[in-house]
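Understanding the architecture of this molecule
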Amino acid sequence: MYKRTFAAGIAVLLAVIFLSVLYLTLSSSPVAASRPPRAPSPAAANAEPPPGCIAINTDIAVPTEWISPCYHVATTTVSVLTGAALTVHPGVAVYFAPASRLRVAENATLNAVGMSNAPITFTSAATFSQPCDWEGILVDSESGPGLHLAHATVEYACAGLNVAGRRYLTVANNVFRYNSKGNGSGGAVLGDTDYSVITGNTIYSCENGFHLNEAGGNKIAANHIYSITGAGLWFDAGGMGGGKDNTIHANVIHHCGADGVRLEDGEGNEVLSNTIHHVMTNSADDGAAIYLLEQKKAVVRGNHLYANGPDDGDNGYRAAVYVTGTHDLKNEITGNTIHDIVADVVLYANSEITPDVAYNALCAQAAGAYELRNTTTVEAEAGRNYWSTNTPPTGSISGPANFTPWITLSIPTIDVYGNVTVTLRGRNGVTFFTVPRTPTALPVSSTIPNARKITLTSNWGYFDPQAVLLDDDGLATARWMISPTVDPVTAPIVVTATDFCGAPITATPKSPDLAITKTTLTTPAQAIVGGLIAYRIDYANHGDAAAPTVLITDTLPLGVQWVTDTAAAVGWTRTQTTPHVIWTRPGLDAGAHGSFLVTTTIATTDACGLQVTNRVTITSAALERRLDDNTDQAEPVTVLCPAIVITKTGPALSKATDVHTYIYEIANIGVPSSASPLALEHISDRGVGWSGLGDLTAHGCITLATGTRCTFQVSHTVALTAPDPLVNIVTATYRLPVFDQFV
């Protein structure tokens, strides 16, 4: 007996170790690199009941409250019997022995309502917990009061909650995880319920999210369902049909091996504002992100579908929305944003009635795929949609369809200021319609496909912002920017708007091209202090659009002052003359050109010897195709400041009848050194109280180049009548011939 017991214990232990190792091995398969990681698979967890748990071995026949921290269902089934109610308080943990379950019988109820900071837990009592350790919570019979399950975690069951027809359930804000039978029939919430509210639940790492049949009038909303082996939400056609008048709203469903939402044999079901992505990744059966089989009056509206189907394109994925077996009472597919890289977007098959498809944004990117494929002979009503080709049906529609009117992407205006308007809309009489919003608002920086996001590029310049989000009128604007250092463009400028499908449309904007030149008219290009300098300013608009509010700015260099101009005669208004001269005009038409004269003067000796350069610029608030011709400078003007110095030397003492030799030196100390030579006009030596030496012009120094000196000598005999002291003054006068200026 002992040996037999020991051997049995070893066998059980080895089986547990083997199953644990097997599960861990299977759950460690790598996720495809192109897809975001799923929730982690359930590793074997040590979750056996802690010491002190209250053992539950009998059914519950009277109203009962579980308020202690821990309960252990140690028998196969604990039933809440007819007429009884079980209330589980916040923070309670209930452990279930292998193959056990909690059954709520006819006319009995369960109220398990935890709190966000004190959830209830229904879990496995196995030492190493695995999916399907226990059966789950079973609700028997259509008869009985509603059941409340909220803020609870249900894990490691075959079916977290299995309902056999009970109505008016409230299943809210729970976590269902690691619930699976392993044969495709397990999952988080199974069975049949009517008029129930199932909302705010998080479901992951389960076989199916919801697998219901014959269910009607339920609200399934705001649940997060992911990392599912099978379908996210499945209304099965078993029994009397797949369900009627159910609302499936605002759920987020992703990373499912099979369908996101699958509706079979039903009527009046609504699939509204759900986000479904990365589903149908591993199913050989026909499926879709949203699958409608034999549905009547189904509504698929406002959903966001993207990145669905397998990575390799090899499974049962038929389309993002697959409609088949519709024989009466058409369905409606409206206001959805659908982006598919694997297969068709909307596919009709095996139907006598096609659904109404309108106000959708549709994108099919796979080779040979269509945004609408109608394999029936009945014309599909498919107007008011956005087709990524922008010109349906080519490349967008296969099969009979009435697709007019449709939504068109366009760039209606690019003004001269660089304001670009983008529209994505169609016209319905006097009103416009556009693509739908996604259920969850996406920022413009998001890489998730969004039909309201338009990216702008150009072969010249850049956009701020680079991508825009359309408003509810299908309008958006961006500013086209040009860096001042950007090279001019000679080829046609092209602005490109690209939609969420990668389809581009282009526009060639018109723009002004202002140009200006400034010419020095004074020849040679020299001036003296107080002298005048004449310039001519030539301006033009070489572009193909008028330039508004044009300014010409003449930058005056050191020592230069404005004197007069003729700009007013050609339509310019002078607004200031110092420190710069500025002229304005309301605009300059494409092809217009003109010129005017400007006169300035050298007003100060601070400019002596300098080369003064006048720079002129023409600008506008408009965006120009080139900026390298907006500035010019005139030929530099050299400021001449001529000057001479004359000295006379002789003996300090003399007496009558002495013969003295006087030395005269004249130096040209003017600036700049490049100035032309000075021409002698007169040299005079006059005495004070006597006649002096008189006119010395004939002694030479006829021309005197800048920086040079000239010397000559004159002898003189002191007269007996000469005054004492003997004083005389020498004066030299030269002329700058180019300006006839005397120095």
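Parameters and conventions
- Residues numbered from 1 in each chain as written.
- Predicted model: local features only at pLDDT ≥ 70, side-chain atom pairs only at ≥ 80, totals over all residues.
- Heavy atoms only, no water.
- Core = buried A, V, L, I, M, F, W, Y, C linked by side-chain atoms within 4.5 Å.
- Buried < 20%, exposed > 50% of the residue type's maximum accessible area, 1.4 Å probe, protein only.
- Helix = DSSP H or I, 4+ residues; strand = E, 2+ residues; numbered from the N terminus.
- Contact = heavy atoms within 4.5 Å.
- Disulfide = S-S within 2.5 Å.
- Phe/Tyr/Trp six-rings, centres within 6.5 Å; stacked < 30°, edge-to-face > 60°.
- Polar contact = N/O pair within 3.5 Å; in protein donor to acceptor, adjacent residues only side chain to side chain.
- Pairing = 2+ DSSP bridges.
- Salt bridge = Lys/Arg side-chain N within 4 Å of Asp/Glu carboxyl O.

One finds Phe122 and Leu149 to be the most contacted residues of the largest nonpolar core, which totals 90 residues. Among the elements that take part in this core, strand S32 (residues 317–324) stands out by supplying four residues, more than any other. Once you skip the residues sitting within four places of it in the chain, Phe122 turns out to touch Val88, Val94, Phe96, Leu102, Ala112, Trp134, Ile137, Leu149, Ala152, Thr153, Val154 and Glu155. Core analysis: the second largest hydrophobic core is formed by 31 residues, Cys363, Leu409, Phe433 and Leu456 among them.

If you walk through the whole model with that rule in mind, you get five disulfides. Bridging Cys53 to Cys70, the disulfide has an S-S length of 1.4 Å. The sign of the 45° torsion about the S-S bond sets the Cys53-Cys70 disulfide as right-handed. Within this pair, whereas Cys53 is found in the loop between helix H1 (2–26) and strand S1 (54–56), its partner Cys70 is found in strand S3 (residues 70–73), the two being separated by 17 residues in sequence. Relative accessible area serves as the criterion here: at 9%, Cys70 is assigned to the buried category. Each disulfide pairs two cysteine sulfurs, and for Cys132 the partner residue is Cys158, the sulfurs being separated by 1.8 Å.

Let us now look at unusual backbone geometry. The residue after Thr523, namely Pro524, is reached through a cis peptide bond having omega -10°. Val671 connects to Pro672 through a cis peptide bond whose omega is -5°. Considering the arrangement of structural elements, one finds Pro672 in the loop between strand S65 (659–668) and strand S66 (678–687). The phi dihedral of His151 falls on the positive side, at around 50°, and the residue is not glycine. Relative to the helices and strands, His151 resides in the loop between strand S11 (148–150) and strand S12 (152–155). Residue His151 is classed as partly exposed on the basis of its relative accessible area of 24%. Even without glycine at this site, Tyr195 takes up a positive phi of about 55°.

With that settled, consider the packing of aromatic side chains. Using the criterion set out here, one finds 17 aromatic pairs in the structure. Taken together, a centroid distance of 6.4 Å and an interplanar angle of 40° make the contact between Phe96 and Phe122 tilted. In this pair, Phe96 sits in strand S6 (residues 93–96) while Phe122 sits in strand S9 (residues 120–124), placing the two residues 26 residues apart along the sequence. Phe122 shares its class with Phe96; the two are buried. Where Tyr156 meets Tyr178, the ring centres are 5.1 Å apart and the plane angle is 35°; that geometry is what we call tilted.

Time to look at the side chain of Asp565. Assignment of secondary structure puts Asp565 in strand S56 (residues 560–565). Only 3.0 Å separates the side chain of Asp565 from the backbone nitrogen of Ala567, close enough to count as a polar contact. Engagement of the side chain of Asp565 in a polar contact is seen with the side chain of Arg574, the distance being 2.9 Å.

Counting buried positions over the five residues of strand S21 (residues 224–228) gives four, a clear majority of the element. As paired strands, strand S18 (residues 202–206) and S21 are joined by four bridges and run parallel to one another. Within S21, the position partnered with Cys206 by the bridge is Ile228. Pairing geometry for S21 and strand S25 (residues 252–256), over four bridges, is parallel. For Tyr226, the partnering residue across the bridge sits in S25 and is His254.

A complete count under the given rule lists 21 salt bridges for this structure. One salt bridge connects Arg626 with Asp628, and the closest N-O pair in it is separated by 2.7 Å. For Arg626, a relative accessible area of 28% gives the class partly exposed. Across the pair Arg735 and Glu681 runs a salt bridge whose closest N-O atoms are separated by 3.0 Å. Taken together, the residues span a long stretch of sequence, with Arg735 in strand S70 (residues 728–736) and Glu681 in strand S66 at a distance of 54 residues. Exposure remark for Arg735: the relative accessible area of 21% places this residue in the partly exposed category. On the accessibility criterion, Glu681 (35% relative accessible area) is partly exposed. Taken together, the salt bridges that share partners define one network made up of Asp259, Arg262 and Glu264.

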